[in-house]
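Structural features, examined
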Protein chains: 2
Amino acid sequence: MPINNIITSCNNELIKEISKLNEKKYRDLKKMFIIEGYHLVEMAKDRLVYVFYTDLKDIPVLDNVNYYKVNDAIIKKLSNTMNPQGIVGVCKIMDDNNIYQDKVLCLDNLQDPGNIGTLLRTCVAFGFNDIVLNNECCDIYNDKVIRSSQGAIFNINIHKQDLINVINTLRNNNYCIYGTSLVNGISLDKISFNDKVCIILGNEGNGISKDILNITDKNIYIEINNIESLNVGVAGGIILNEYNRQLRLKK
Amino acid sequence: MPINNIITSCNNELIKEISKLNEKKYRDLKKMFIIEGYHLVEMAKDRLVYVFYTDLKDIPVLDNVNYYKVNDAIIKKLSNTMNPQGIVGVCKIMDDNNIYQDKVLCLDNLQDPGNIGTLLRTCVAFGFNDIVLNNECCDIYNDKVIRSSQGAIFNINIHKQDLINVINTLRNNNYCIYGTSLVNGISLDKISFNDKVCIILGNEGNGISKDILNITDKNIYIEINNIESLNVGVAGGIILNEYNRQLRLKK
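Each chain carries its own residue numbering, running from 1 in the written order of its sequence. Chain letters and ligand numbers both follow the written order, the letters beginning at A and the numbers at 1. Side-chain atom pairs in this predicted model are given and counted only at pLDDT of 80 or more, local residue features only at pLDDT of at least 70, and totals for whole chains, interfaces and linings cover all residues. Only heavy atoms go into the side-chain values, all of them from the structure, while hydrogens and water stay out.

1. So, the domain arrangement of chain A
Residues and elements named next belong to chain A.
- Boundaries of every domain are those given by an automatic assignment or by a domain database. Partitioning chain A into domains gives domain 1 (5–92) and domain 2 (103–250).
- Computed over C-alpha atoms, the centres of domain 1 and domain 2 are 31 Å apart.
- Residue contacts are defined here by distance: any two heavy atoms, one from each residue, within 4.5 Å place the two residues in contact. Facing 15 residues of domain 1, the contacting portion of domain 2 comprises 12 residues.
- Defined here as a combined quantity, buried area equals the accessible surface (1.4 Å probe) lost by two parts on assembly, summed across both. Across the interface of domain 1 and domain 2, roughly 1100 Å² is buried in total on both sides, 65% from carbon and sulfur atoms.
- One side-chain nitrogen of Lys or Arg within 4 Å of one carboxyl oxygen of Asp or Glu is enough to make a salt bridge. Our enumeration of links across domain 1 and domain 2 arrives at 2 salt bridges.
- Across the pair aspartate 139 and arginine 27 runs a salt bridge whose closest N-O atoms are separated by 2.9 Å.
- In protein, a polar contact requires one atom able to donate a hydrogen and another able to accept it; more generally it is a pair of N or O atoms within 3.5 Å, and residues adjacent in sequence count only if both atoms are side-chain atoms. Summed over the shared surface of domain 1 and domain 2, the number is 1 residue pair in polar contact (both at pLDDT 80 or more).
- What counts as a helix is a DSSP run of H or I of at least four residues, what counts as a strand is a run of E of at least two, and both are numbered from the N terminus. Those elements that provide at least two residues to the side of domain 1 that touches domain 2 are helix H2 (24–30), strand S2 (32–36) and helix H3 (38–44).
- Throughout this entry, Asp, Glu, Lys and Arg are counted as charged residues, while Ala, Val, Leu, Ile, Met, Phe, Trp, Tyr, Cys and Pro are counted as nonpolar. The remaining residues, Gly among them, count as polar. In terms of residue class, the side of domain 1 that touches domain 2 is built from 7 nonpolar, 3 polar and 5 charged.

Written as structure tokens, this is what we have:
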């Protein structure tokens, strides 16, 4: 474990390569993404490839991870935050295993990284182990998504897939497909969830696209007043909590 | 209505004054705040004092509002967004009326403007007409709060108050005071809400401060797994939705 490697220049080839991971196209190419801060580096565990630090503090040192002592300027070059902590990690992007457990959340064209990160955190909290994003979504390895996921990104299976394909496959495997829509919807109060569920949330401004709404089994709405819609992260939290509440009542 | 006023220079005294409203201390001093974009200016209605525009589009022109045609550079000087729309409004900050309706949400030391904005939107959606923020909260007239509130900021009574004073007053008026806490809490499943409620949400990292938890009637927790906590905006949405669900069941 090469814990004593030192890099002193921002122009070091490895640093230049790694800093490119702040762009989606390089993340897709290299199948790696950057994380910042002690908490996330500690959570990343076996997903880590590199760690760059000015101070390791009491972070456990792992085998098979490359550690580099660097300076503040290098941390700043790799980081996206104004006042970065003294540690940056680089993690592997896992291949899609195409295995789905019983509770799946699908995101159709979500654009706000904070919303996606919050939904990752909510999924993990409510035992939804699979999240599916279509290509129109904001990249899930964006630094803001990772920050607002609070580490949940390491505890969920991420699938970047065509939603229609996934929905059709899940339906063939006896999942009930729930869209969310104010039009032709059923109040969440009246929904009695199946055990195997696929819940779909849509774009912040426009909701779920028509071609996807056409193939849902039921569409849910949440009863609100005085305002057009809830924030999509809040709506997702209310629906996933209701699924779990029903599950607890059955026991 | 002086719709034909024109300002051409960023150094115009009024523009210099107004741009200072991007700082909290000037907002507090002048009792005004800036909003951006056609949707918000349209929602602001009688709260508007000034409108600066490059293009009014089909925004209704109101009496008692000062309209100024300006250029892109002036819009950029007043705006906080990268690609501002061609319109900026300035609104009055209303005095606290100290009147509370039956459903009150209190925020203790919330720091993230996106969370506060989302909670404003959620409050309006679920009929919570009063929100109380203590001095430790991020300023509610911050541009990011306003943006994520999606205009809900115009449809709710805002109280900047000492929370302990407000809680004691509300309790004396037969409100039940609900904190949120994982320690010594009651599952939301087992909460049967009073009609008059004061619900308190706490800081993103540390939750509700001890001196406030000491004076709640009950503390709620939401049943989650695998993760420390939910995003506070999501938690608030789940609790406020549950209050409304119970209200609908009673009918």
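2. Quick look at the sheet that holds strand S11 (residues 197–202) of chain B
All names here are of chain B.
- As summarised here, the arrangement of the 7 strands in space is S8-S7-S6-S11-S9-S12-S10, forming an open sheet in which the pairing is parallel. On the outer flanks of this sheet lie strand S8 (157–160) and strand S10 (186–187), each paired with one strand and no other.
- Packed onto the sheet, helix H7 (residues 163–172) meets strand S6 (103–108), strand S7 (130–133), strand S9 (176–180) and S11 and runs at close to 155° relative to S6.
- Relative to the sheet, helix H9 (residues 232–250) contacts S6, S9, S11 and strand S12 (218–221), its axis offset from that of S11 by approximately 165°. Only strands that DSSP links by at least two bridges are regarded as paired with each other. In this analysis an axis means a line fitted to C-alpha atoms, helices contributing only their contacting stretch, and an angle means the value between N-to-C directions, from 0 to 180 degrees.

3. Overview of the interface of chain A and chain B
- In this assembly, 25 residues from chain A lie in contact with 25 residues from chain B.
- Of the roughly 2400 Å² buried at the junction of chain A and chain B (both faces included), carbon and sulfur atoms supply 54%.
- Between chain A and chain B we count 4 salt bridges in total.
- Here glutamate 223 of chain A makes a salt bridge to arginine 248 of chain B, at a shortest N to O gap of 3.5 Å.
- Here chain A and chain B share 10 residue pairs in polar contact (both at pLDDT 80 or more) between them.
- Within the residue set of the side of chain A that touches chain B, elements represented by two or more residues are helix H5 (113–125) and helix H9 (232–250) of chain A.
- It is H9 of chain A that provides the largest number of residues to the side of chain A that touches chain B, a total of 8 residues.
- By residue class, the composition of the side of chain A that touches chain B is 10 nonpolar, 9 polar and 6 charged.

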